[in-house]
Amino acid sequence: MACILYYRGMTRKCFGENIDHLKQRVPLAIQREWKLNANMNTDLMHKLSPNEYRGYTIAITGERINYIIIDRKDLVKEAAKLLGQIGGQAGTGKKKVRGDSNYYRVLRMKGVEKKKQIMRENNN
């Protein structure tokens, strides 16, 4: 998961494995970047899409820090799923069926014959 923090026109990215991990990482990122003390308040967070959340937290000094959380793992899985659906006919039906050991022996012999032919052509 990725969290993008916004404060006075400046941004800071923070990454975590899940929401609980982000609750630990966000206050550290706020402290390092802006020298403010704040906890990540998930009560003020609302869901924008299946993998995007938006919210804000209030620092001890009263300043508001907005954040957006994006769950990238879901996006990667969705993209991989879509790419798999786009694929052609490879791997299905008769194209997937292979023979027994004789199939591989013939395949290997074809490769050897092709190499011999190329060597003959290079020598001439």
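See the structure above.
Cut-offs applied
- Residues numbered from 1 in each chain as written.
- Predicted model: local features only at pLDDT ≥ 70, side-chain atom pairs only at ≥ 80, totals over all residues.
- Heavy atoms only, no water.
- Salt bridge = Lys/Arg side-chain N within 4 Å of Asp/Glu carboxyl O.
- Helix = DSSP H or I, 4+ residues; strand = E, 2+ residues; numbered from the N terminus.
- Buried < 20%, exposed > 50% of the residue type's maximum accessible area, 1.4 Å probe, protein only.
- Polar contact = N/O pair within 3.5 Å; in protein donor to acceptor, adjacent residues only side chain to side chain.
- Contact = heavy atoms within 4.5 Å.

Draft legend 1. Structural detail: the pattern of salt bridges. On inspection of all chains with the given rule, the structure shows 3 salt bridges. One salt bridge in this structure joins Arg8 and Glu63, with 3.3 Å as the shortest N-O distance. In this pair, Arg8 sits in the loop between β1 (2-7) and β2 (10-15) while Glu63 sits in the loop between β4 (52-58) and β5 (64-70), placing the two residues 55 residues apart along the sequence. When its relative accessible area of 64% is taken as the criterion, Arg8 is described as exposed. Residue classification places Glu63 among the partly exposed positions, given a relative accessible area of 21%.

Draft legend 2. Quick peek at the side chain of Thr57. Take Thr57: it is sitting in strand β4. Residue Thr57 is classed as buried on the basis of its relative accessible area of 2%. Of note is the side chain of Thr57, whose polar atom sits 2.3 Å from the backbone oxygen of Asn39. In this structure, Thr57 is in contact with Ile30, Ala38, Asn39, Met40, Asn41, Glu63, Arg64, Ile65 and Tyr67, ignoring residues within four places of it in sequence.

Keep in mind these values describe shape, not function.
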